[in-house]
Protein chains: 2
Amino acid sequence: MDDPDLPRRERLLRAARDLYWAQGVEGTSPRQVLEVSGVGQGSLYHHFPTKHDLSLAAISATTQEALDSVSGELTDTDRPPAERLVAYLERPRPALAGCKIGRLTSDRSVMADDELRSPVHDYFAGLVALVQEVFEETGLPDVVAHDRAYAAVAIVQGGYVLARALDDPAALRAAVDGFVSMLDPALQAGTVVAR
Amino acid sequence: MDDPDLPRRERLLRAARDLYWAQGVEGTSPRQVLEVSGVGQGSLYHHFPTKHDLSLAAISATTQEALDSVSGELTDTDRPPAERLVAYLERPRPALAGCKIGRLTSDRSVMADDELRSPVHDYFAGLVALVQEVFEETGLPDVVAHDRAYAAVAIVQGGYVLARALDDPAALRAAVDGFVSMLDPALQAGTVVAR
């Protein structure tokens, strides 16, 4: 932290990330980021000459942090794979605020821009791959683990959508519980329930 | 269709619904709706004096149509309940365009307005209730059917999010297939796999 510029850059990124989560990328102006960050206009343009530069840095920071966090949890080989999967599915989540990353798939200014889409794509591709590996560790064949990994990640994303639609955090929990209750017997027996 | 006003009202609603799906409610101006509908400005203000009136009518039409459609499918008692559930889960969906209704949960101008939120809430509440009833018909106890219904609806919503994030319609299909493959044994045996 000897670089005197670092705190300002971080403050700008933190403000952008919080605002994107609350109101989307499209709905957030550089001026709002400036106001929330408390940083001067010169610093904004020094670190992020364009709104696009700021958006790309903020989105990438959010996706990288999220993937690092879930990766640490899912690849912790001190715990049995089934336990890691259930812990991932059941981790506490801000249901009503929605997923910081999933919600970007409804943000026009992200989806219409290949560079901004890229970290969102890579986050979900990386997450599904991680979850698939853990399903494979439980003994499922690749092809079954593949679909089940998509299902596990979708349950969380869809649970967020339901919680927001119903204004009820219990909806996310019910979706996850419903999924986990179907998962348990196969995982705990270490057997394959292929279709 | 004797009412000469009806076609114009319908054209306005159709234009609004298509634009909302493509670019969100927040991102759609009454002017764009006018242009796409080809209807004159006087008709717009006659039928929908405010943007809010138009938004409420368009969102309600979309949610009502969707619930009617899925209700017909889920309550068709000529088919066994398990078959209806799988048909619901596997129905063809425009994965990359996203769910017309689910995406509204990321639309600020909908979520911040109690009246506009209401049809979105009612759609998902109605859908989950319908799916729960069909799970109960398969012999699951209410409490299990409850969570499983949330999971089934969440799988579809999350599948849409994944398909858009990965720019790959196969992601929605994989999520649904993963879920259905876990559902089958219990449903086909008519037995309960409670947690």
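Above this text you will find the structure in question.
Source: prediction; values computed, not measured.

**Student:** I tried to follow the side chain of Thr105(A) on my own but got confused; where do I start?
**Tutor:** Looking at the element boundaries, Thr105(A) is found in the loop between helix 5 (81-90) and helix 6 (108-111). Thr105(A) gets classed as buried once you look at its relative accessible area, which sits at 2%. A distance of 2.7 Å separates a polar atom in the side chain of Thr105(A) from the backbone oxygen of Gly102(A). Apart from the residues within four sequence positions on either side, Thr105(A) is in contact with Met111(A), Val120(A), Val161(B), Arg164(B) and Ala165(B).

**Student:** Explanation requested: the interface of chain A and chain B in the structure shown.
**Tutor:** Between chain A and chain B, the contact holds 46 residues from the first and 47 residues from the second. Across the contact surface, chain A and chain B share 2 salt bridges. Linking Arg117(B) and Asp167(A) is a salt bridge whose minimum nitrogen-to-oxygen distance equals 3.7 Å. On inspection of chain A and its partner chain B, the count reaches 6 residue pairs in polar contact (both at pLDDT 80 or more). Of all the secondary structure elements, the ones that give two or more residues to the side of chain A that touches chain B are helix 1 (6-23), helix 6, helix 7 (114-137), helix 8 (142-166) and helix 9 (170-189) of chain A.

**Student:** Is there a simple way to explain helix 7 of chain A in this structure?
**Tutor:** Since one α-helical turn is 3.6 residues long, residues separated by three or four positions face the same way. Residues and elements named next belong to chain A. Given a rise of 1.5 Å per residue, 24 residues ought to cover 34 Å, and the 34 Å separating the end C-alpha atoms of helix 7 matches this to within 8%. Where helix 7 begins, one side-chain oxygen reaches toward the backbone nitrogen of Glu115, 2.9 Å away; that side chain belongs to Asp113. Count one or two residues on from helix 7 and you reach Gly139, which has phi positive near 110°.

**Student:** What's the story with the relation of the copies chain A and chain B in this structure? I'm lost.
**Tutor:** Two copies of one chain are present, and they are related through a rotation about an axis combined with an axial shift. Note on the copies: chain A fits chain B at an RMSD of 0.0 Å, the axial shift is 0.0 Å, and the rotation between them is 180°. Each copy turns onto its partner about a two-fold axis. Among all residues of chain A, the minimum C-alpha distance to the rotation axis is found for Gly158(A), at 1.9 Å. Mapped onto chain B, 100% of the interface residues of chain A are again interface residues, and the two copies thus contact each other with one and the same surface.

Quick notes on the rules
The residue numbers shown here count from 1 along each chain, following its written sequence. Following the order in which they are written, the chains are lettered starting with A and the ligands numbered starting with 1. Given that this is a predicted model, residues contribute local features only at a pLDDT of at least 70 and side-chain atom pairs are listed and counted only at 80 or more, while totals for whole chains, interfaces and linings are drawn from all residues. Excluding hydrogens and water, the side-chain values take into account all heavy atoms of the structure. Helix and strand labels come from DSSP, where a helix needs a run of H or I of at least four residues and a strand needs a run of E of at least two; each type is numbered from the N terminus. Buried residues are those whose accessible area, probed at 1.4 Å on protein chains only, stays under 20% of the maximum for their type, while exposed residues exceed 50% and partly exposed ones sit between those limits. Identification of polar contacts relies on pairs of N or O atoms within 3.5 Å, with a donor-acceptor requirement for protein atoms, meaning one able to donate a hydrogen and the other able to accept it, and with residues adjacent in sequence counted only if both atoms are side-chain atoms. Here a residue-residue contact requires only that any non-hydrogen atoms of the pair lie within 4.5 Å. A side-chain nitrogen of Lys or Arg and a carboxyl oxygen of Asp or Glu constitute a salt bridge if their distance falls within 4 Å. Multiplying 1.5 Å by the helix residue count minus one yields the expected span of that helix. Here the copies are superposed with least squares, the fitted atoms being C-alpha atoms of residues at a pLDDT of at least 70 in both.

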